[in-house]
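An overview of the molecular structure
Chain residues, written in single-letter form:
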Amino acid sequence: MVIKKFQAETEIDAIMQAKEELGKDAIVMNIKAVKPKGLQKFFRKARVEVTAAVDEENNYNTGEGMLNKMQELQKTLEEVKKREEEEQRAKKQEEVLNSSKNIIKESEETDINSKGIENRLNNLQLMIERQMQIEDKEVTKTEKKKGVKKEESKADACIRLVKEQLLDNEVEEQYANAILEGIRGTLKRDTTIDNVLASIYQKIVLKLGKTKIVEENQEEVKYIYFIGPTGVGKTTTIAKIASNLKIQKRIKVALITSDTYRIAAVEQLRTYANILGVPLKVIYSEEEMKKAKQEYQDYDIVLIDTAGRSHKNVEQTEDIEKLIKVVPEEERDVYLVLSATTKYKDLVKITETYGKFIKYNLIFTKLDETCCVGNILNVKMLTDATLSYLTSGQNVPGDIEKIDAQKIAKQLLGGQ
């Protein structure tokens, strides 16, 4: 793959330069504004920089070949992203006089936080048993606690410590209370700490429920819509799922995108489509969606990327609703893609907005950017929607897995 950058006064001129030099098969991978630095910024206008690429060969027939191309593309995207981050970092250093001191301070804080995470107890029972020893000593010294059963105090302490752990993992207090109060009512006088923990673990697993992934329908084409806010990683998630379906399961896949508001998103998906050897259609309306549906009747699964929309904009969400309802309910599945790093209050608004017009499954992204998984349980208990995938990075086709309720339950309780 040949990759080059082109600068011009307008985006169209830069793309034309790329097409002229690299040929008509050139693909736009990134577009950004480049502002002059120093004194030049007073005399020169900002320019547009386009990063374009063209394949040196077009052999994508084998799964191994597609995977190699996908990995090559991923490295390229990472290099582009790294260069952009370096440019932004340099700009910050230029603006902030004491940046070096801040960086050192930030590094020290990061080390402290990392050690804190590593030192968290993997075995919650050990923590509780230590707490029991302290409470037992207090019972013998405090006359007020005479007549209190040790088994009862241990069970209460166990539940209290589990609640602290859940809250520390950013589980909303109302959901932590709902789970723990349900357990408290089933405890017997002679219940051991082991049994209390086992009951809480099982309760969380049941609350998370079964998961659902993208699978073909043997009888007809399955249309899979991906909806959600801007910046949560819908396009990359679609590329990961498409790769797994095509390479690993040998399913006949097609792609559609209505995300015409971001040129880079369309070109990114087009690049993945070219590497996988699957068709991609860009649509702008319900009528074009209907035509695309007719064209893709011979495929097993059609993955549909929608534009990121603000949950505050009613008109934009209505556009998505119209696009989805082109396909009958029995022929479609909808996946709401959410970032695990989003504040719970915002997640409430987002899920409520989409829930007003469509039933959806849940995908969580950016698990690599947070140490807490509480929002997975929060949103599940809020919406009762079926959980699906979680992603933890930008690698395609990797960094995606089916949500494991048992694994999430262990993480919520402080395990690994």
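Residues numbered from 1 in each chain as written. Predicted model: local features only at pLDDT ≥ 70, side-chain atom pairs only at ≥ 80, totals over all residues. Heavy atoms only, no water.

1. Here we look at the overall build of the chain
Within the chain, the secondary structure is distributed over 14 helices and 11 strands. With 416 residues in all, the chain has 44% of them scored as buried. In the chain, the share of contacts with a sequence separation of at least 24, taken over all contacts with a separation of at least 6, comes to 76%. Carbon and sulfur atoms make up 46% of the accessible area of the chain, which amounts to about 23,500 Å² in all. (Helix = DSSP H or I, 4+ residues; strand = E, 2+ residues; numbered from the N terminus. Buried < 20%, exposed > 50% of the residue type's maximum accessible area, 1.4 Å probe, protein only. Contact = heavy atoms within 4.5 Å. Areas by Shrake-Rupley, 256 points an atom, 1.4 Å probe, with all protein chains shown as cover.)

2. A word on the nonpolar core
Where a protein is soluble and globular, its nonpolar side chains tend to be buried together. Ranked by size, the top nonpolar core spans 65 residues in total, and within it Ile204, Tyr225, Met289, Leu362 and Phe364 carry the most contacts. A per-element tally of this core places helix 7 (residues 193–208) first, with seven residues. Setting aside its immediate chain neighbours within four residues, Phe364 contacts Leu338, Ala340, Asn375, Ile376, Val379, Leu387, Tyr389, Leu390, Thr391 and Ile403. Within the second largest apolar cluster, 24 residues are counted, among which are Ile241, Tyr335, Ile363 and Ile400. (Core = buried A, V, L, I, M, F, W, Y, C linked by side-chain atoms within 4.5 Å.)

3. Description of the pairing of strand 10 (residues 387–391)
Judged by how many residues are buried, strand 10 sits mostly within the fold: five of five residues are covered. Relative to strand 10, strand 9 (residues 361–365) is paired through two bridges, and the arrangement is parallel. Counterpart to Leu362 in the pairing with strand 10 is Leu387. Crossover connection from strand 9 via helix 13 (residues 374–383) to parallel strand 10: handedness right-handed. (Pairing = 2+ DSSP bridges. Right-handed = clockwise from strand over helix to strand, strands pointing away.)

4. Focus: unusual backbone geometry
With an omega of 10 degrees, the peptide bond running from Val396 to Pro397 counts as cis. For Pro397, the position within the fold is in the loop between strand 10 and strand 11 (400–402). Here Asp384, not a glycine, exhibits a phi torsion of approximately 60 degrees, which is positive. Tracing the sequence through the fold places Asp384 in the loop between helix 13 and strand 10. A relative accessible area of 60% places Asp384 in the exposed class. A positive phi angle, close to 60 degrees, is found at Asp399, a residue other than glycine. The topology assignment puts Asp399 in the loop between strand 10 and strand 11.

5. Focus on the confidence of the model for the chain
In low-pLDDT regions, the fine details of the predicted coordinates are not to be read closely. When pLDDT is averaged across the chain, the result is 80; 71% of the residues are at 70 or more. Throughout residues 96–122 the model reports pLDDT below 50, and contacts reaching past four residues in sequence, or to other chains, amount to 15 contacts. Between residues 148–152, whose pLDDT stays under 50, and residues either more than four places distant or in other chains, the model counts six contacts. (pLDDT = per-residue confidence, 0-100.)

6. Brief notes about the sheet that holds strand 8 (residues 332–339)
Across the sheet, which stays open at both edges, the eight strands sit in the order 6-5-7-4-8-9-10-11 with mixed pairing between neighbours. Strands with a single pairing partner mark the edges of an open sheet, and in this sheet they are strand 6 (280–282) and strand 11. Going from strand to strand, the sheet's axes swing by 20 degrees on average, the running direction of each strand aside. The sheet contact formed by strand 4 (residues 222–227) and strand 7 (residues 301–305) spans five bridges and is parallel. Paired with Phe226 across the bridge in strand 7 is Asp305. (Axes fitted to C-alpha atoms, helices over the stretch in contact; angles between N-to-C directions.)

7. Things to note about the packing of helix 6 (residues 173–184) against helix 7
Running from amino to carboxyl end, helix 6 crosses helix 7 at an angle of 130 degrees, the nearest separation of the two axes being 10 Å. The pairing of helix 6 with helix 7 is recorded here as oblique in orientation. The way helix 6 lies across helix 7 gives a crossing that is right-handed. Where helix 6 approaches helix 7, its residues Ile179, Leu180 and Ile183 are matched on the opposing element by Ser199, Ile200, Lys203, Ile204 and Lys207. The residue inventory of the contact of helix 6 with helix 7, partitioned by class, reads five nonpolar, one polar and two charged. (Parallel < 35°, antiparallel > 145°, perpendicular 65-115°, else oblique. Left-handed = near helix turned anticlockwise from the far one by under 90°. Nonpolar A, V, L, I, M, F, W, Y, C, P; charged D, E, K, R; others polar.)

8. A closer look at helix 1 (residues 11–22)
Its 12 residues give helix 1 an end-to-end C-alpha distance of 16 Å, which sits within 8% of 16 Å, the value for a rise of 1.5 Å per residue. Turning to helix 1, its buried residues are Ala14, Ile15, Ala18 and Leu22. An end-on view of helix 1 places all buried positions within 100 degrees of arc, on one side of the element. Set apart from the buried face of helix 1 by more than 90 degrees, the exposed residues are Ile12 and Glu20. For helix 1, the elements touching its buried residues are strand 1 (2–8), strand 2 (27–34) and strand 3 (47–54). Downstream of helix 1 by a residue or two, Gly23 has a phi angle that is positive, lying close to 100 degrees. (Expected span 1.5 Å × (residues − 1). Arc of directions from axis to C-beta.)

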